[in-house]
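A closer look at the structure
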Amino acid sequence: MPLKRKIRELQEKREQVLKGGGDKAIEKQVAMGKLTARERIISLLDEDSFNEYDLFVEHEARDFDMDKKTLHGDGVIIGTGTIYGAPICVFAQDFTVAGGSLGLMHSRKITKIMDHALKMRVPLVGINDSGGARIQEGVNSLAGYGEIFFRNTLNSGVIPQISVILGPCAGGAVYSPALTDFVFVVDKISKMFITGPEVIKTVLGEEISMEDLGGAKVHSEISGNAHFYATSEQECFDQIKKLITFIPWNNRQKAKAFEPKEPNPKFKIDKIVPGDPTLPYDVRNVIRAIVDDSDFFEIQELWATNIVIGFGRMAGRTIGFVANQPLVLAGVLDVDSSDKAARFIRFCDAFNIPIVTLVDLPGYLPGVDQEHAGVIRHGAKVLYAYSEATVPKITVIIRKAYGGGYIAMNSRHLRADFVFAWPGAEIAVMGPEGAANIIFRREINEAEDPEKVRYQKVKEYKDKFANPYVAAAKGYIDSVIEPGETRTLLLHAIEVSDNKAVSGPRKKHGIPPF
Ligand code: HXC
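Residues numbered from 1 in each chain as written. Predicted model: local features only at pLDDT ≥ 70, side-chain atom pairs only at ≥ 80, totals over all residues. Heavy atoms only, no water.

What about the environment of Val458?
Along the chain, the position of Val458 falls in helix H18 (residues 450-465). Once the C-alpha coordinates of Val458 and Phe440 are considered, the two residues, 18 residues apart in sequence, prove to be 9.2 Å apart. Residues contacting Val458, with those up to four places away along its chain left out, are Pro432, Glu433 and Ala436. (Helix = DSSP H or I, 4+ residues; strand = E, 2+ residues; numbered from the N terminus. Contact = heavy atoms within 4.5 Å.)

A short note on the sheet that holds strand E2 (residues 76-83)
Within a sheet, neighbouring strands are paired by backbone hydrogen bonds and run either parallel or antiparallel to one another. The strand order across the open sheet formed by 7 strands is E1-E2-E3-E4-E5-E7-E9, and the pairing between neighbours is mixed. The sheet is open, and its two edges are formed by strand E1 (51-53) and strand E9 (228-230), each paired on a single side. Put simply, the sheet's adjacent strands are angled 20 degrees from each other on average, direction ignored. In terms of strand pairing, strand E4 (residues 124-128) meets strand E5 (residues 161-165) through 5 bridges, oriented parallel. Bridge pairing in E5 places Leu124 opposite Gln161. (Pairing = 2+ DSSP bridges. Axes fitted to C-alpha atoms, helices over the stretch in contact; angles between N-to-C directions.)

Some thoughts on the site of the ligand
Around the ligand sit 19 residues in total, of which Gly99, Gly131, Ala133, Ile135 and Gly172 are the nearest. Between the ligand and Gly131 there is a distance of 2.7 Å, counted from a nitrogen atom to a backbone nitrogen or oxygen. Coverage of the ligand by the protein amounts to 56% of the 1000 Å² it exposes when considered alone. Looking at the shell around the ligand, the elements with two or more residues in it are helix H5 (139-155) and strand E6 (168-170). Class assignment for the residues of the shell around the ligand results in 10 nonpolar, 7 polar and 2 charged. (Near = heavy atom within 4 Å. Polar contact = N/O pair within 3.5 Å; in protein donor to acceptor, adjacent residues only side chain to side chain. Areas by Shrake-Rupley, 256 points an atom, 1.4 Å probe, with all protein chains shown as cover. Nonpolar A, V, L, I, M, F, W, Y, C, P; charged D, E, K, R; others polar.)

Some words on the side chain of Asn250
For Asn250, the location among the structural elements is in the loop between helix H10 (233-246) and helix H11 (283-290). Residue class for Asn250 comes out buried when judged on its relative accessible area of 3%. Only 3.2 Å separates the side chain of Asn250 from the backbone nitrogen of Gln253, close enough to count as a polar contact. In this structure, Asn250 is in contact with Arg121, Val158, Ile159, Pro160, Phe351 and Asn352, ignoring residues within four places of it in sequence. (Buried < 20%, exposed > 50% of the residue type's maximum accessible area, 1.4 Å probe, protein only.)

Quick look at the structure:
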């Protein structure tokens, strides 16, 4: 056959495969307000940068009449491309082909691109839109998932792994995302659950919609499984692109540096925190007053909002911020906020991103619910994550730093490299009211005017401990600083920490309180 005809044959074969599950299935996909798998990849990557592999892979299943079915590309697209010039490995499940269900060859395509990402040390983006294990392929589908989960774990901490949920992801389809670093969801399109509404109805007799069971809002606000929430697929891709600019390609590199910029002067750092320590404020404005261009890229914005995490830049370099949020529950640490902070700290540590911690909290949240939900175990994750982290770690105590909260929020004792405190900082075992009620209980109870004595004792305690100078006198904090000096000192601290090198005792790995 002349080469020309062979080329024509190739073109025809390509055209066939590019039809995915066919016109009807594509129409259904579009009617649901969803892009097709290829459109998604094209929208995410730099123009003309996508190269697809394994286009002609076919399934090998024989049971349940599968031998009579052609599943183009076996329901998943894999390839490489770039985002703002950064190399990316990508896969996108094609729901138009057997509901994006995962059979053996489908899984082999995914593991191939995962292995490639690890070998080339570049980020992996997985676009998930799948009915889960392909039922007709039995244990082969389960084997496929196992191979993916194993690689997710192997890749963890070596390359960034990003998951996008763009359809009903059921069963095994949600565990790979759960093992990755960042999960993106889109309103009305994303659904994640282990067992769907039909199974729940059969087993438990309860009726629930897919949306209420595991929609984008549920996972962004309640379960905490999602890190970024968008209202459209395009907004979601823009968020991923922005995230890629903040993180390095792998754990041997630092994130790309950008042109340094000054913060927007409308964020006046000395005007944000109220003088009255009982009044709240939005700590994100403190971060905006510190970071380049006041550009703070928040992560898990809608979940466990008593803590704020995210990326910003200082002198053009990526910094991870962890900050108590006095607007919500006075910024306490609880089960969810501990999980949120600990995981982010570990991401920053794995990928060479310095951490700045802003402290203003009355401590861990008391109560039966929290105790029974395991606040001891979850809270310990924060202690573990900060203690373990060896990237530059800098703390600014803005206001309250009481009890376990003081220790947990990157104190000197967990090996903070620099600890600064604003003059309004209060560092003590507990708040003055609680402390006075305990240590002066007898004097208060036996007094002729208990309220007067309580007031005096609270004041006495406040005068003694509700300030930064006791900790400063012991060297637990390095400097008491004016709010207006914060950015300059942080820039300096980051600059002089650039070559930080510490090493702990040899071990296989620690055992964090997962
Ligand atoms: C094979 C599947 C499939 C699956 C969907 N399809 N899921 N084929 N295996 N798991 C096929 C459908 O038969 C249909 O084929 C096409 O995909 C589109 O599916 P629809 O049901 O028409 O779409 P929709 O109404 O949008 O519903 C989507 C859905 C539903 C909610 C995902 O299909 C569903 O509930 N699927 C099963 C989900 C599930 O229970 N998965 C768990 C598997 S067990 P045709 O030919 O008609 O177009 C698992 C265990 C792994 O994953 C555990 C690892 C830890």
